[in-house]
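The chain contents come next:
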Amino acid sequence: MAEETIFSKIIRQEIPTELLYQDDLVTAFRDIAPQAKTHILIIPNKLIPTVNDIEESDELIMGRLFTVAKQLAKEEGIAEDGFRLIMNCNQHGGQEVYHIHMHLVGGQPLGKMLALK
Ligand code: 5GP
């Protein structure tokens, strides 16, 4: 069994976080440390630790992440100018929270795709 993270508590509203969207499959809320003017996290309600753990039966959930990202980008007024969707995996990907999440970032030019240090 995968270990729960803070995101499970956010999904269950056990810690106060303004939810931007929630349905039976996914939940969205603002990142606590925004890296751009708009920085939203869209996460599955099901605990899937990393992209490596996604199963075929999760395809509906994974698709929902994209349709909610599209809707939120429109609501945030960043759809036309553009935005970036990011999903980090494991150490080399820079993943910090082991409950997969799609970052929706935008509201300003985002520069080159990778900043390798
Ligand atoms: P990762 O590096 O795993 O792809 O991204 C994790 C993200 O979760 C980071 O951008 C971090 O700021 C955000 N984050 C971590 N803890 C919390 C929290 O308790 N609340 C919210 N809203 N965001 C969090």
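Look a little higher up for the structure.
These remarks concern the structure in this document. (Residues numbered from 1 in each chain as written. Predicted model: local features only at pLDDT ≥ 70, side-chain atom pairs only at ≥ 80, totals over all residues. Heavy atoms only, no water.)

1. Concerning the overall build of the protein
Part 1 of the reasoning: Scanning the protein from terminus to terminus reveals three helices and five strands.
Part 2 of the reasoning: Overall, the protein shows an N-to-C arrangement of helices and strands of α-β-β-β-α-β-α-β.
Part 3 of the reasoning: By the compact-globule yardstick of 13 Å for 117 residues, the protein fits well, its C-alpha radius of gyration being 14 Å.
Part 4 of the reasoning: Across its three principal directions, the C-alpha atoms of the protein cover 40 × 30 × 30 Å.
Part 5 of the reasoning: Taking all 117 residues of the protein together, 35% fall into the buried category. (Helix = DSSP H or I, 4+ residues; strand = E, 2+ residues; numbered from the N terminus. Rg over C-alpha atoms; globule rule 2.2 N^0.38 Å. Buried < 20%, exposed > 50% of the residue type's maximum accessible area, 1.4 Å probe, protein only.)

2. Details of the packing of aromatic side chains
Part 1 of the reasoning: Going through the model one piece at a time under the given rule, you end up with one aromatic pair.
Part 2 of the reasoning: With a centroid separation of 5.5 Å and an interplanar angle of 75°, the aromatic rings of Phe-7 and Phe-29 are classed as edge-to-face. Placement of Phe-7 in helix α1 (residues 6–11) and of Phe-29 in strand β2 (residues 26–30) is noted, with a sequence separation of 22 residues between them. (Phe/Tyr/Trp six-rings, centres within 6.5 Å; stacked < 30°, edge-to-face > 60°.)

3. Describing the site of the ligand
Part 1 of the reasoning: Neighbouring the ligand are 16 residues, the closest being Arg-30, Asp-31, Glu-96, His-101 and His-103.
Part 2 of the reasoning: Separating an oxygen atom of the ligand from a backbone N or O atom of Val-97 is a distance of 3.0 Å.
Part 3 of the reasoning: Burial of the ligand by the surrounding chains reaches 84%, relative to a free accessible area of 520 Å².
Part 4 of the reasoning: Mapping the ligand onto the cavity grids shows that it belongs to the largest pocket.
Part 5 of the reasoning: Those elements that provide at least two residues to the shell around the ligand are α1 and β2. (Near = heavy atom within 4 Å. Polar contact = N/O pair within 3.5 Å; in protein donor to acceptor, adjacent residues only side chain to side chain. Areas by Shrake-Rupley, 256 points an atom, 1.4 Å probe, with all protein chains shown as cover. 1 Å grid on protein atoms, 1.4 Å probe; cavity = no way out; pocket = protein on both sides within 12 Å on 5 of 7 lines; lining within 4 Å. Sits in = over half its atoms within 2 Å of the grid points.)

4. Here we look at the layout of surface pockets
Part 1 of the reasoning: The calculated volume of the largest pocket comes to roughly 1100 Å³.
Part 2 of the reasoning: Around the largest pocket sit 35 residues that line it, and Gln-35, His-39, Asn-88, Gly-94 and His-103 are the ones nearest its centre.
Part 3 of the reasoning: Of all elements in the fold, only α1, β2, β3 (38–44), β4 (83–86), α3 (90–93) and β5 (102–106) reach the threshold of two or more residues within the lining of the largest pocket.
Part 4 of the reasoning: Residues that form the lining of the largest pocket fall into these classes: 20 nonpolar, 10 polar and five charged. (Points joined across faces, edges and corners; volume = space filled by probe spheres on them. Nonpolar A, V, L, I, M, F, W, Y, C, P; charged D, E, K, R; others polar.)

5. What to know about unusual backbone geometry
Part 1 of the reasoning: The residue Gln-13 is not glycine, and still its phi comes out positive at about 60°.
Part 2 of the reasoning: If you trace the backbone, Gln-13 turns up in the loop between α1 and β1 (19–22).
Part 3 of the reasoning: Judged by relative accessible area, Gln-13 falls into the partly exposed class, the value being 42%.
Part 4 of the reasoning: A positive phi angle is found at Asn-90, which is not glycine, with a value near 60°.
Part 5 of the reasoning: The residue Asn-90 is located in helix α3 in this model.
Part 6 of the reasoning: On the basis of relative accessibility, which here comes to 29%, the residue Asn-90 falls in the partly exposed class.

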